[in-house]
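Here is how the chains run, residue by residue.
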Amino acid sequence: MNYGKRAARRRQQEIDATGTKIRKKIGVIIRKMILVCLLLVAVIGVSAGIGVWKGIIDSAPDISAIDVVPTGYSTTVLDSKGNQVATLVAAGANRKYVTIDEIPLNLQHAVVAIEDARFYDHNGIDIKGIFRALAKDIATMSTKQGASTITQQLIKNSILEKTWISESSLIESVQRKVQEQYLAVKLEQQVSKTWILEEYLNTINLGANTLGVQAASERYFGKDVSELTLSECAVIAGITKNPYGYNPIRFPEKNKERQMEVLTKMKEQGYISQAEFDEAAEDDVYERISEHNAIEEKSVNSYYTDAVIDDVLDDLVNVLGWTETEAYKAIYQGGLEIHTAQDPDIQKICDEEANNLENYPNEPKYSCSLYFQVRKADGTYRTYTNQTMLSFYKNLTGKANYNINYDTEEECVAAIDQYTQDVLEEGDTLLEDTISYTITLQPQVAMTIIDQTTGEVKALVGGRGDKSGNRTWNRATDTLRQPGSTFKIIGAYAPALDSGLKTLASVQNDSPYTIGTKTYKNYNDKYLGYTNVRTAITKSINIVTVKTLEDIGVNLGYEYAQNFGFSTLCEGDKNLGLSLGGLTNGVSNLELTAAYATIANQGEYLQPKFYTVVYDHDGNVLLDKSYTQESHRVLKETTAWLLTSAMQDVMTEGTGTRAYFGAGMAQAGKSGTTTGNRDCLFAGFTPYYTCVVWGGYDDNSLQDSGKTTYPKNLWKAVMGRIHENLDYKGFTQPDGIESVIVCKESGKLPLDGVCEQDPRGNMLYAEYFDEETLPTEVCDLHVAVNICEASKMIAGAFCPTDGIIQQVYVKSAIDKWTGLEDSSKTSEAPYVITEEELDSICTVHDENSIPDVQIPAQDDSTAEDGTAGDGQADTGQTGNTTGGGNQSNYIEEEEPEGIQQN
């Protein structure tokens with residue numbers, strides 16, 4: 001069909017209009033579909049949200065007024081003399097309850113003003129506070145703002161803590177918060193605001209081991225809560241945010257800042273006037289607190305009490321089969337009565353001497369335990385500690401021995417402040433409210449005293465200086481450090497003697513010793529040559545120790561070390577370093593003390609015990625260690641006594657003389673240091689007690705040479721005072737010990753007339769032996785030779801008798817790996833004769849040197865003067881010889897019988 005131009009244009013417009021209508025319809029359809037989808041998503045989201053909300057609410061515990069009331073009983077800890085040394089409490093236990101009418105209005109208002117300003121207006125949750133906290137969280141990209149009301153805090157402390165052990169994720173944190181808010185609303189529907197405030201003020205943790213305002217009032221001010229002044233009320237109310245950090249005894253300056261914040265909010269909220277504010281602000285309340293708490297603060301449990309808690313907790317779980325939660329609640333809420341083995345008099349001595357600066361060679365330094373968080377630019381969080389601080393500056397300075405020990409507390413605090421800035425990168429934010437640190441004295445110490453006959457731990461020091469809190473790091477039980485030479489007894493000499501493979505008289509060549517790529521040396525780089533085990537223990541000689549373990553086998557040494565009760569050994573310790581205390585993980589002071597107590601207890605191991613009996617709330621015996629405990633024999637009685645005998649020499653003439661506190665009591669011990677003097681120890685015992693002292697820097701820093709004597713000083717001071725009024729006792733010698741005269745050089749029976757002629761002096765001495773390891777062989781190291789004065793060589797058959805002298809030498813040692821003689825680097829070298837020298841006969845005199853003299857004929861008998869009757873010149877030999885210039889002219893003796901002394 002033909003169209004004109006106008007008609008064609010009109011037709012095209014119609015077509016375009018139709019297309020537009022279609023597109024519009026499609027657009028409407030699409031928009032409707034999107035809207036339907038959005039509505040569907042919203043419905044699904046709401047439904048899911050309702051489902052999640054319902055799930056969280058359904059999983060919340062049931063609540064009633066009675067559930068919020070604190071319950072439980074405090075646990076009492078008693079020392080061995082019945083004195084109460086600690087009260088263990090948890091939220092809900094051991095509080096002194098007071099009614100709301102006994103609590104001053106100023107204290108009620110102070111707590112409300114600083115904790116929950118809209119407490120009297122909200123229904124359990126503070127909507128305005130939630131939005132305020134949410135805004136800050138969004139701004140700071142954190143979840144630190146809590147917005148918890150007093151009602152929520154009561155719920156959290158009294159209900160949710162029973163069902164929530166920890167919050168390991170943001171989801172769990174939100175879930176708990178939702179439950180907390182839900183239960184808070186439910187509670188406020190059941191009880192009044194007055195009831196809630198009364199319960200809260202009686203449950204709140206106010207530091208120094210106080211729960212509730214009455215206990216806090218008595219603790220800080222020594223009076224009833226009803227007698228508190230406004231300024232005192234503000235002090236207590238200010239503690240709630242951080243019971244440790246705002247403790248007015250420990251940190252009065254910090255608490256003062258918080259007190260002023262409380263007073264300011266009270267004034268702003270109309271609870272007090274300006275005049276009352278001014279009067280309270282000017283009140284020197286901290287002077288009264290200081291006067292009332294002049295005696296050392298006892299709110300923090302001792303290191304000993306911490307160890308008791310761990311011991312009881314372990315036994316409730318492992319002996320009675322309780323869960324850890326059940327055991328924990330029993331200790332802190334079960335009203336137990338724990339009788340400990342702690343001797344208060346011994347503990348007092350230990351604490352005094354550990355903190356006596358006169359026992360240390362230097363003025364103390366100061367370090368820290370540190371914790372804080374940083375929000376990184378990408379929104380993640382990173383935690384920093386004193387360990388990261390040390391690593392940071394080691395890397396920054398390139399100094400492997402960099403340390404974080406400072407001359408003053410002020411320098412230490414300044415270093416912490418600097419570190420919190422140095423670690424920040426572009427876009428990072430320091431979360432200042434997470435900064436937490438405590439200042440510690442350095443070097444630190446640990447000490448344990450055990451009654452070896454019972455296994456009872458009589459005293460324990462987990463560190464010097466103020467203890468920062470309860471269940472803190474205990475250097476006596478938790479810290480693992482290298483034991484150094486104290487382990488020579490454990491890993492080498494005890495197994496060597498007990499197995500019968502060595503005796504105290506057994507000798508090794510003390511000379512630098514190379515095995516593969518490892519060369520062992522003595523700490524002073526001096527070497528004695530042939531040295532017996534007794535001397536090696538007395539002088540703490542490394543080479544003899546290493547060779548002894550090598551001879552008996554590393555596996556045997558490791559087995560004995562395990563049997564001594566060490567729980568931290570591993571397969572990697574099966575090497576010769578075991579003999580010197582070079583261990584993968586180190587050992588605890590407690591376990592090292594128990595090992596030495598085993599020797600002191602005639603070879604029987606007793607598991608250390610901190611308590612004797614535990615009673616439940618009704619007086620029934622729950623746990624009893626009075627007469628039973630884990631025990632097993634590690635050494636024969638004879639072995640333990642022999643080791644003790646050697647270690648007595650350590651005290652009187654060896655490396656332990658500084659620790660010796662006098663002849664009024666038998667003492668035995670062993671010193672120990674590690675590479676770079678990072679650790680220094682002294683382990684020893686008397687017939688009454690075993691004590692081990694460790695010293696070193698917490699960050700494992702080097703200690704100056706000559707400045708590591710303080711463990712010996714402490715051992716002497718503590719043990720000397722403990723034994724002042726005790727009767728003298730010696731170490732009882734068991735049956736099966738005999739004394740035999742032996743040669744010190746070889747450890748064997750002496751060559752008659754030879755060993756006592758050693759140019760250094762008589763080498764005969766009396767040594768003790770187990771009767772099963774009595775020596776039977778004769779000395780094979782001493783040799784008496786005739787020397788020609790002219791040649792200084794072994795006299796031959798033609799050397800004139802008047803030019804021959806007899807001398808005693810020691811045969812040169814032979815290195816077992818190289819086969820070479822190995823005495824040249826020892827102090828014994830001038831007295832050693834080599835195999836080559838023994839084979840070198842005088843070259844000055846020969847048959848042409850014999851004078852032309854008629855020698856009368858003689859029979860084969862020996863002449864009256866004792867010379868040989870065979871026509872030879874007298875060489876001084878004790879037996880017949882045959883001629884010949886190659887004869888080795890040294891004397892051989894018959895084997896004498898050993899001299900035994902009972």
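To be clear, the structure that these remarks concern was listed above.
Residues numbered from 1 in each chain as written. Predicted model: local features only at pLDDT ≥ 70, side-chain atom pairs only at ≥ 80, totals over all residues. Heavy atoms only, no water.

Participant: Hey, could you run me through a negative patch on the surface in this one?
Facilitator: A cluster of acidic side chains, namely E821, E835, E836, E837 and D839, defines a negative patch on the protein surface. Position of E837 among the secondary structure elements: in helix 25 (residues 835–838). Note on E837: relative accessible area 39%, which makes it partly exposed. (Patch = residues over 30% accessible without salt bridge, like charges linked within 9 Å, V, L, I, M, F, W, Y side chains within 5 Å. Areas by Shrake-Rupley, 256 points an atom, 1.4 Å probe, with all protein chains shown as cover. Salt bridge = Lys/Arg side-chain N within 4 Å of Asp/Glu carboxyl O. Lys, Arg positive; Asp, Glu negative; His and termini not counted. Charge placed at Lys NZ, Arg CZ, Asp CG, Glu CD. Helix = DSSP H or I, 4+ residues; strand = E, 2+ residues; numbered from the N terminus. Buried < 20%, exposed > 50% of the residue type's maximum accessible area, 1.4 Å probe, protein only.)

Participant: Explanation requested: the packing of aromatic side chains in the structure shown.
Facilitator: Centre-to-centre distance and the angle between the planes together describe a pair of aromatic rings. Inspection of every chain in the model, using the stated rule, returns 16 aromatic pairs. On the numbers, 5.8 Å between centres and 75 degrees between planes, the contact of F372 with Y419 is edge-to-face. Here F372 is found in strand 4 (residues 365–375), whereas its partner Y419 is found in helix 17 (residues 409–422), with 47 residues between them in sequence. One exposure class covers both F372 and Y419, and it is buried. Here the aromatic cluster, defined as three or more aromatic residues joined through ring pairs, consists of F372, Y384, F392, Y393, Y402 and Y419. Over the face of the ring belonging to Y520 we find K518, whose NZ or CZ atom lies 5.2 Å from the ring centre. One Lys or Arg, K547, reaches over the ring of Y513 and ends 4.6 Å from the middle of that ring. (Phe/Tyr/Trp six-rings, centres within 6.5 Å; stacked < 30°, edge-to-face > 60°. Lys NZ or Arg CZ within 6 Å of the ring centre and 35° of its normal.)

Participant: How do you make sense of the sheet that holds strand 14 (residues 611–615) when you look at a structure like this?
Facilitator: Pairing between sheet strands relies on hydrogen bonds along the backbone, with the strands arranged either parallel or antiparallel. Spatial ordering of the open sheet is given by 2-1-3-14-15, a layout of five strands whose pairing is mixed. In this open sheet, the two strands that pair with only one neighbour each are strand 2 (84–88) and strand 15 (621–624). Direction aside, neighbouring strands of the sheet carry axes that sit 15 degrees apart on average. Across four bridges, the pairing between strand 3 (residues 337–340) and strand 14 is antiparallel. Its bridge partner lying in strand 14, E337 is registered against Y615. (Pairing = 2+ DSSP bridges. Axes fitted to C-alpha atoms, helices over the stretch in contact; angles between N-to-C directions.)

Participant: Which parts of the structure should I look at to understand the sheet that holds strand 5 (residues 381–385)?
Facilitator: Ordered by their spatial adjacency, three strands build an open sheet running 5-4-6, and the pairing between neighbours is antiparallel. Bordering the open sheet on either side are strand 5 and strand 6 (429–442), each of which pairs with just one other strand. Across the sheet, the axes of successive neighbouring strands diverge by a mean angle of 10 degrees, strand direction being ignored. Relative to strand 6, strand 4 is paired through ten bridges, and the arrangement is antiparallel. Along strand 6, the bridge assignment pairs L370 with Y437. Here helix 16 (residues 386–397) sits on the sheet and contacts strand 4 and strand 5; the angle it forms with strand 5, its principal contact strand, is near 85 degrees. (Contact = heavy atoms within 4.5 Å.)

Participant: Would you mind going over the pairing of strand 19 (residues 690–696) with me for this structure?
Facilitator: Along any regular strand, the residues point their side chains to alternate faces of the sheet. Burial analysis of strand 19 places seven of its seven residues in the buried class, the great majority of the element. Along strand 19, one buried face is formed by T690, V692, W694 and G696 and the opposite face, lined by C691, V693 and G695, is buried too. Across seven bridges, strand 7 (residues 444–451) lies against strand 19 in antiparallel orientation. Each bridged residue has a counterpart across the sheet, and for V445 the counterpart in strand 19 is G695.

Participant: Looking at this structure, how should I read the pairing of strand 18 (residues 680–685)?
Facilitator: In terms of burial, strand 18 is largely enclosed, as six of its six residues are buried. Going residue by residue along strand 18, you find C680, F682 and G684 tucked away on one face and L681, A683 and F685 tucked away on the opposite face as well. Taken together, the six bridges between strand 17 (residues 668–673) and strand 18 define a ladder with antiparallel strand orientation. Residue pairing in the sheet places K670 in a bridge with A683 of strand 18.

Participant: It is not clear to me how helix 8 (residues 213–221) should be interpreted in this structure. Could you clarify?
Facilitator: In an α-helix, one turn spans 3.6 residues; hence positions three or four apart end up facing the same way. Counting buried positions over the nine residues of helix 8 gives eight, a clear majority of the element. Among the residues making up helix 8, those that are buried are V213, Q214, A215, A216, S217, R219, Y220 and F221. At the C-terminal side of helix 8, G222 shows a positive phi close to 65 degrees.

Participant: Can you help me understand the pattern of salt bridges in this one?
Facilitator: Opposite charge on two side chains makes pairing possible when the charged atoms of those side chains draw close. Considering all chains together, one arrives at 26 salt bridges under this definition. Of the charged contacts, one joins R481 and D679 as a salt bridge, the two residues approaching to 2.7 Å between their closest N and O atoms. One end of the pair, R481, is in the loop between strand 8 (456–461) and helix 18 (487–498); the other, D679, is in the loop between strand 17 and strand 18, with 198 residues separating them in the sequence. Overall, the relative accessible area of 11% leaves R481 in the buried class. By relative accessible area, which is 3% here, D679 ends up buried. Across the salt bridge formed by D551 and K502, the nearest N and O atoms sit 2.9 Å from each other. Placement of D551 in helix 20 (residues 542–552) and of K502 in the loop between helix 18 and strand 9 (507–510) is noted, with a sequence separation of 49 residues between them. On the basis of relative accessible area, K502 is assigned to the buried category, the value being 14%. Salt bridges sharing partners connect three or more residues here, namely K348, E352, E353 and R721.

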